[in-house]
Every structure is written in structure tokens, then in C-alpha cells.
Amino acid sequence: MKNILITGSIGFIGYHLCRSFKDKKNLRLIGVDNINNYYSTKVKLCRLRVLKSQKNFFFKKKDISDYKSLEKIIKKYRIDTIINLAAQAGVAYSMKNPEKFFENNIKGFFNICRLSRMYNIKRVIYASSSSVYGDNKNLPVKENYETNPLNYYAISKENNEKTAKFFSEISKVKFIGLRFFSIYGPFGRPDMLIYKFINCMENKKIFYLNNFGNHSRDFTYIDDAIYLIKKLIDFKKVPNYSLFNICNSKSVKITNLLKIMKKNNIKPKIIKRKFQKGDIKDALGSNKELKKIISNYKFMKFENGLQRTIDWYKENKKIYN
């Protein structure tokens, strides 16, 4: 029996990762989440209800900043792999509430690293972010580029990477950092651009379009992200410390995204405004390092992934309202 601890298990990525293991009989998933109210707890609890139907999923409402609670879970379930997806999110939120990012993202991850060393965890896979690159003009960005975080959320993720590197050097634990690029898809976070845009339409609210829409993102469909994470769980040749861009490596202009939305009759009132402090104008990652592992894997085309996301929302919009 393999025992995997997944923190942030009822977050967007954590939920989909747990669901992807629903038919695995020789695998036990221990899900941990603090169910904070940064965004709707209704959405999180809906995800949790689905996950609790899985026979191999066991949930604990805990915070990773609580060292003793985390240690008890690792000891009780004899955890051998940790996938840390727990973090306080939100670029704009970090500009006003940096203390929450220290507590959850920095202190919490340090606890995971310390306990991993103490209990001989084989592998720690943890969520970093494309935001560590800052507003890099040399695109697509590669894992060996210097980091330049522009907000405290990004600073906390850069800190995670440095902490993982330190513990990889003083222990036998393998640490794999995942620099996620704009993950999207069904059951997504309501604070993310796509869902925020749809929700504004549904609730007749104003959508504030930063930088007048003149920026771009490397949108990566959730199924692709989950496939890549699962590949890295068992990939044997990974070194003790490694970083991977989790990205489609395709640039999508926000103005083009809005055009697709309009074709689906999603047209909220838009107020355009200037570039926001701490934000990034253009994000595009290189996935060449990943392709050494996944070879000819075909990523979801953005137009198809967005359509799936819109269709799913239309069938499940009561969850978000």
C-alpha cells in the first residue's frame, strides 16, 4: 500500500489530482486542507463531498502551519510521498495581506520539509509558480533563468524553492518543484480570470480588465497538469532537487480569450484599467525539460479546453452562486 499525503486537497489542482486516483486500489490518499475563506468555501465543500465518495481518500481538516498536527498525520499513515498544493493564493491579495502568505506558504512548507527529512519521506512534489520569473522579457522562460518575484506571493514561492534545495542537500528526500502557468478547467477557482469573467456575467457585475487586456498568459488545461504531476510521482531518474515548468508553452492574448467568451454569449460589462502593481504583463514558459520525460505528449488546445470549462460551468453554475 502506497500512502500519499496531498495538502490543499480540496483546492482546484488538489481536487483533480485526488480524483485521478479514484480507481487505484493499492493507494491511500490522505487529504489535508484548512478550508480557508479566501474564496468560496461552498466551492471547496462541494469538491470535498465528491472526494469523500472515494474509498481510498481520507480527509483531515488541518493547516500545514500546525507542525504537531502535520507530524501526527505523517506518523499515523506512514506517508512515503508528499504532494504539497496547499498555499495562500492571490497576487493582488498578497500586496495587502503579506502576513498570511508567510504563515501558510513559508512556515507551512518549512514544516513539510523538516518532517520529510525526519521521517524519511521518499519524494516531495510541491507547487511553485510561474510568478517567480517576474516580468521577464526573454520568452519563453526556462527553469535555469534567474528569478525576479514582483509580489509577496511570488516571494513566498521563491522561498519554497530555496528551502527545498537546502533540504535536498542535507537529506535523501527528492524535492520536485512545479512552476505552474495559469492552470484552468472545470471546477476552477472563482477568483481566477476565466471564472471571474463568467461570474460577472451571471451576477450582472462589472469585470475590471487590467492593462486594457494587452497581456498574455500560458494557459494550461487541468488534465494536462494532472498528467504531468502523476508522471513525476514515479519518475525514477529525477535528481534530488529539480524544477519544472508546468505549461502548455503557448501564448494566449487576454483579448483573444474574451472574443471566445463573447462567442458563447458571455458578455459582462467591462471597465478597462491600467496595469496593476505586482502583476506580470506576459507569461510564457518553455516545457522542453518536461518533454524529456513526457516526450510526444499532446497538450489540450486552449480553445477546446476553454469550451469544456464554459460548458462545465453552465451545468454547475449553482455551485458558484
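Let us look at the structure shown here. (Residues numbered from 1 in each chain as written. Predicted model: local features only at pLDDT ≥ 70, side-chain atom pairs only at ≥ 80, totals over all residues. Heavy atoms only, no water.)

## Some points on the pairing of strand β2 (residues 27-33)
Line of reasoning, step 1. Counting buried positions along β2 yields 6 of 7 residues, so the element is predominantly enclosed.
Line of reasoning, step 2. Of the strand pairs in this sheet, strand β1 (residues 2-7) and β2 are connected by 6 bridges, and their pairing is parallel. Within the sheet, the bridge partner assigned to I6 lies in β2 and is G31.
Line of reasoning, step 3. After leaving β1, the chain enters helix α1 (residues 12-20) and then returns to the sheet as β2, a path that is right-handed.
Line of reasoning, step 4. Across 5 bridges, β2 lies against strand β3 (residues 57-61) in parallel orientation. Across the sheet, L29 pairs through a bridge with F57, a residue of β3.
Line of reasoning, step 5. Regarding the hand of the β-α-β motif, the stretch spanning β2, helix α2 (residues 41-51) and β3 is right-handed. (Buried < 20%, exposed > 50% of the residue type's maximum accessible area, 1.4 Å probe, protein only. Helix = DSSP H or I, 4+ residues; strand = E, 2+ residues; numbered from the N terminus. Pairing = 2+ DSSP bridges. Right-handed = clockwise from strand over helix to strand, strands pointing away.)

## Re the pairing of strand β8 (residues 206-209)
Line of reasoning, step 1. In β8, alternate side chains face the same way, and those of F207 and L209 are buried while those of I206 and Y208 on the opposite face are not.
Line of reasoning, step 2. Summarising the sheet, β8 and strand β13 (residues 269-272) pair through 4 bridges and their orientation is parallel. Pairing of Y208 across the sheet is with I271, part of β13.

## Looking at a nonpolar patch on the surface
Line of reasoning, step 1. The grouping of I206, Y208 and I271 at the surface amounts to a nonpolar patch, some 240 Å² of accessible area in total.
Line of reasoning, step 2. Considering the arrangement of structural elements, one finds I271 in strand β13.
Line of reasoning, step 3. With relative accessibility at 33%, the residue I271 sits in the partly exposed group. (Patch = residues over 30% accessible without salt bridge, like charges linked within 9 Å, V, L, I, M, F, W, Y side chains within 5 Å. Areas by Shrake-Rupley, 256 points an atom, 1.4 Å probe, with all protein chains shown as cover. Salt bridge = Lys/Arg side-chain N within 4 Å of Asp/Glu carboxyl O.)

## Re the side chain of N160
Line of reasoning, step 1. On the secondary structure map, N160 appears in helix α6 (residues 152-170).
Line of reasoning, step 2. Setting aside chain neighbours within four positions, we find N160 in contact with N105, I106, F109, Y126 and A127. (Contact = heavy atoms within 4.5 Å.)

Limitation: the analysis is restricted to geometry and does not speak to function.
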